[in-house]
Amino acid sequence: FRRVLFRSTVVWVDRRGRFEPLWEDERFYRNPSFSPDGTRLAVDIVAEGQFDVWIYDIERDVPTRLTFSEADDSSAHWSPDGEYLYFSSTRDGVANLYRKLADGSGEAERLSESVNLQFSSSVSPDGRLLAFNEQGSPTFDYGNNIRQMALEEGVENAFDFPGFGLSDYSED
């Protein structure tokens, strides 16, 4: 297996389709996610042969690498208060769910242990639940499932939908 990656830049696109460079370094970028206050952009970047999560401070025009494991870290989503980034990582084997303080301090915290691939999808507006996609579950639906994880003690997982793709919480 060989990855084929295309280099690009990060741009702003207005409603008329005009764009201007935001982050001009040519790299392979994917999965952009704006912070709740709109001042930072989390994005996956291939660096040193694997995916890592980076945070681009829009106002200061400064990129900062958030994850440094020798594995793939990707698919980051912000907590509603902007304090954490939830992401998937292969650092302990198959891609499972982790979180790390967005300021870069501390170690990444493992949130799940599954033999299946898991990719973070969205954090509920109150920050109590994490929606994620789990692939590879032995079910009738080809193993592509939306799942939900409680992030606080005492909160129950509210759903587990087989056969669906990625999910996103609504403010409503």
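Figured I'd write up the structure that's included with this text.

A short note on the packing of aromatic side chains
Move 1: Per the stated rule, a full pass over the model turns up four aromatic pairs.
Move 2: Summarising the aromatic geometry, the rings of phenylalanine 87 and tyrosine 98 are spaced 6.0 Å apart at their centres and angled 20° between planes, so their arrangement reads as stacked. Taken as a pair, phenylalanine 87 in strand S8 (residues 84–89) and tyrosine 98 in strand S9 (residues 96–101) lie far apart in primary sequence, eleven residues in all. Judged on exposure class, the residue phenylalanine 87 and its partner tyrosine 98 are both buried.
Move 3: Sitting over the face of the ring of tryptophan 54, arginine 27 holds its NZ or CZ atom 4.8 Å from the ring centroid.

Quick look at the environment of proline 32
Move 1: Within the fold, proline 32 resides in strand S3 (residues 29–34).
Move 2: When sequence neighbours within four positions are dropped, the list of residues in contact with proline 32 reads Leu41, Ala42 and Val43.

Focus on the sheet that holds S8
Move 1: With antiparallel pairing, the four strands of this open sheet are ordered in space as S7-S8-S9-S10. The sheet is open, and its two edges are formed by strand S7 (73–78) and strand S10 (109–110), each paired on a single side.
Move 2: Where S7 meets S8, four bridges bridge the pair, whose relative direction is antiparallel. Pairing of histidine 77 across the sheet is with tyrosine 86, part of S8.

Definitions and cut-offs
Residues numbered from 1 in each chain as written. Predicted model: local features only at pLDDT ≥ 70, side-chain atom pairs only at ≥ 80, totals over all residues. Heavy atoms only, no water. Phe/Tyr/Trp six-rings, centres within 6.5 Å; stacked < 30°, edge-to-face > 60°. Helix = DSSP H or I, 4+ residues; strand = E, 2+ residues; numbered from the N terminus. Buried < 20%, exposed > 50% of the residue type's maximum accessible area, 1.4 Å probe, protein only. Lys NZ or Arg CZ within 6 Å of the ring centre and 35° of its normal. Contact = heavy atoms within 4.5 Å. Pairing = 2+ DSSP bridges.

These values are about where atoms sit, not about what they do.
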